[in-house]
Amino acid sequence: MGKGRHGWSLGLAGLLSPVTIWLGLFFLVPLLFILAYSFGKSGVYGGITLGFYPGNYLKVFNPLYLDIIVRTLVIALTNTLLCLLLGYPLAYFIAFKGGRRKHILILLIMIPFWTSLLLRAYAWVVILGGNGIANRTLQFLHITDHPLDLIFTPQAVTMGMVYSYLPFMILPLYAALEKFDRRLKEAAQDLGASRWHTFWRVTFPLSMPGVIAGSILVFIPSAGEFVIPNLLGGARTVMVGNLIQQQFLEARDWAFGSALAVMLAVLLVGAIMFYVRKVGAEKLEGV
Amino acid sequence: MEERHIKERPEVGDAGRDVERSVAVELSGVTKRFGEFVAVDDLTLDIYEGEFFSLLGPSGCGKTTTLRMIAGFEEPTEGGISVDGDPVRGVPPYRRPVNTVFQSYAIFPHLNVFDNVAFGLRRAGVKGEELQRRVTDACEMVQLSGFEKRKPSMLSGGQQQRVALARALVNRPKVLLLDEPLGALDLKLRKEMQLYLKNLQHEVGITFIYVTHDQEEALTMSDRIAVINEGKVQQVADPPTLYELPKNRFVADFIGQTNVFSGTVESVREGHVTLRTSSGEKVEVTARGVEVEVGQEAHAAVRPEKIRFGSEGDNVSSTTIRQIVYLGVSTQYITELSGGERLVLYQQNSREEDNPEVGEEVPVAWDARNCLILGG
Ligand SMILES: Nc1ncnc2c1ncn2[C@@H]1O[C@H](COP(=O)(O)OP(=O)(O)OP(=O)(O)O)[C@@H](O)[C@H]1O
Ligand SMILES: [Mg+2]
């Protein structure tokens, strides 16, 4: 009996070992490095001395950096909400009205993934730039006589982010709505609920797993985003991701960069836990 | 005779309480097509207020489709429906004074039993103590007290069905549509719920339109029954009429069991018909208002319980016992006539000494007045 159990757990370890090794090597070890670095001390010309210097964390609370962290969270939250607002009707439409074209429509949503994010972000630079397509069209239509500041604005960042992250919202929403039992809609209407009420009392609550999954999938990477603000944001929309990148590549303050990264991770885990507990717990239970 | 049954008013089944009863649901010439397929074919029915009306028919005959048209989930391709005197074409389901107990229950999985039952009341603006009281009463009614806080995923199929029932009943609709509401229950609970539903319907006076494919259930519960086959109404009548005077072969076969003889009319005189089957068997039938002529093809039907062992009666035949099935209160004998036709008869299990055995040749007899000429 004991042998069997032992054998089973060995077998499981064997089965999981590629995954375990992979995660250990490329996820856990770097994470531990970051954690160790965040308590280290950066040399004047780069490099790092390990030790216990909590000062890196105190530096995070400098109003200048706090400002960037708050802005990052606001941008990520705005992006999540916009993706939800835009993505929900789309997912709803595809799931309920898509009919036989459902699968093609979902494929179309995923097509942008086939090119790299960097290329797509550059495309926005081309579109929104001073001499870009958007400005030339506006001038051609005589809506404006000089190029507008479309790029390097917070709006441009938001636009680029919504564009990039929308599919991450739509897919889980679609998955949740797709398996929704339409007969429940009929039952609600039979009991006197208008379409509006049916949506808010039945369809939406039952799509909550999709809303939660989509929100998390959009919120986390957009809080760590640095490519889009880099290309489309200019100086006014520096996000934590840019700050961390700066510390590693330009300022050569790896210790502070690591502390920032750890702080961001802690914040995100906290936010997600809070969110799931608030919104998720009662909605998800029993569904 | 055929026309007479269709026109019959419900006073037969309902002690003639009120001859001038108003119509709760009226279907006139309702046809529903899905593409080429005709699911409901020219259905005309008047269902009276406070009536327990059943739609009975085999699977796929259009029962659910009919209910869905009354509830407003489908519009008839042709014809019109009125509920409570008002035409309902174009009226959305949430504005119709009907509630449905769905064949698939359709319980809201994210709401507990209380909130499921309270759903319709909340939409109607009922709140506070009244809401609490009515929901609690409804749960009690379907024997689900104490389950109010449970999620549907923690209920058995039968319990879910009862939630569906409470959820519809609690709204006190003008008309309650029930689509095989007892399908998932075990026999004992089913019988209990049948009785309970019948009493409840009598108490609250709501019109019930009850869909079932169980003829026994329809017979025990209904004031009137519409037997449907392939989208067409075969007969509308109260249970005794349906059983004793089935209009055609389908109804005779579908309601209970019956023995049918097909043959040629040999003679017709003073309400008495003699039929000669192809195998030469002669069947005497009392004709009740049926117009048949000599030489015409016709069917005669006789219920198994109207046939007895013995040689005294208008019809006497010699049979060979082929199979004996013990049914508890009675025993079913499957016998063969000398011409090869099958004849089924039931005997009450009271006399034990002289029961025939398999293979034995015995005479059987039945009376002409218990025999019926069928159309179709
Ligand atoms: N939306 C639809 N599209 C096409 N055909 C349909 C549709 N709804 C029902 N039908 C067909 O109409 C016929 C009647 O269906 P209905 O559901 O009314 O049967 P039913 O009498 O309720 O049967 P059951 O006892 O099995 O529930 C069936 O043959 C069914 O396949
Ligand atoms: Mg059905």
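Residues numbered from 1 in each chain as written. Chains lettered and ligands numbered in written order. Predicted model: local features only at pLDDT ≥ 70, side-chain atom pairs only at ≥ 80, totals over all residues. Heavy atoms only, no water.

### As for the domain arrangement of chain B
All names here are of chain B. Taken domain by domain, chain B consists of domain 1 (3-97 + 173-250) and domain 2 (257-374). Inter-centroid distance (C-alpha atoms) of domain 1 to domain 2 is 33 Å. Across the contact, eight residues belong to domain 1 and nine residues belong to domain 2. Overall, the association of domain 1 and domain 2 removes approximately 720 Å² of surface from exposure, summing both partners, and the carbon and sulfur fraction of that is 54%. (Domains from an automatic or database assignment. Contact = heavy atoms within 4.5 Å. Buried area = accessible area lost by both parts, 1.4 Å probe.)

### Some points on the packing of aromatic side chains
One pass over the full model with this rule turns up 26 aromatic pairs over all chains. Between the aromatic rings of W196(A) and W200(A), the centroid separation amounts to 5.9 Å while the plane-to-plane angle is 70°, which identifies the pairing as edge-to-face. Placement of both W196(A) and W200(A) in helix α9 (residues 195-206) is noted, with a separation of four residues, approximately one turn of the helix. When its relative accessible area of 41% is taken as the criterion, W200(A) is described as partly exposed. Between the aromatic rings of F309(B) and Y333(B), the centroid separation amounts to 5.0 Å while the plane-to-plane angle is 80°, which identifies the pairing as edge-to-face. Residue F309(B) is found in strand β15 (residues 308-309), and its partner Y333(B) is found in strand β17 (residues 330-337); the two are separated by 24 residues along the sequence. Exposure remark for Y333(B): the relative accessible area of 3% places this residue in the buried category. The structure contains a cluster of three or more aromatic residues connected by ring pairs, namely Y88(A), Y92(A), F96(A), F180(A), W196(A), F199(A), W200(A) and F204(A). Residue placement shows K59(A) over the ring face of F256(A); its charged tip is 4.4 Å from the ring centre. Here the guanidinium or amino end of R303(B) rests over the ring plane of Y243(B), the centre of that ring lying 4.0 Å away. (Phe/Tyr/Trp six-rings, centres within 6.5 Å; stacked < 30°, edge-to-face > 60°. Helix = DSSP H or I, 4+ residues; strand = E, 2+ residues; numbered from the N terminus. Buried < 20%, exposed > 50% of the residue type's maximum accessible area, 1.4 Å probe, protein only. Lys NZ or Arg CZ within 6 Å of the ring centre and 35° of its normal.)

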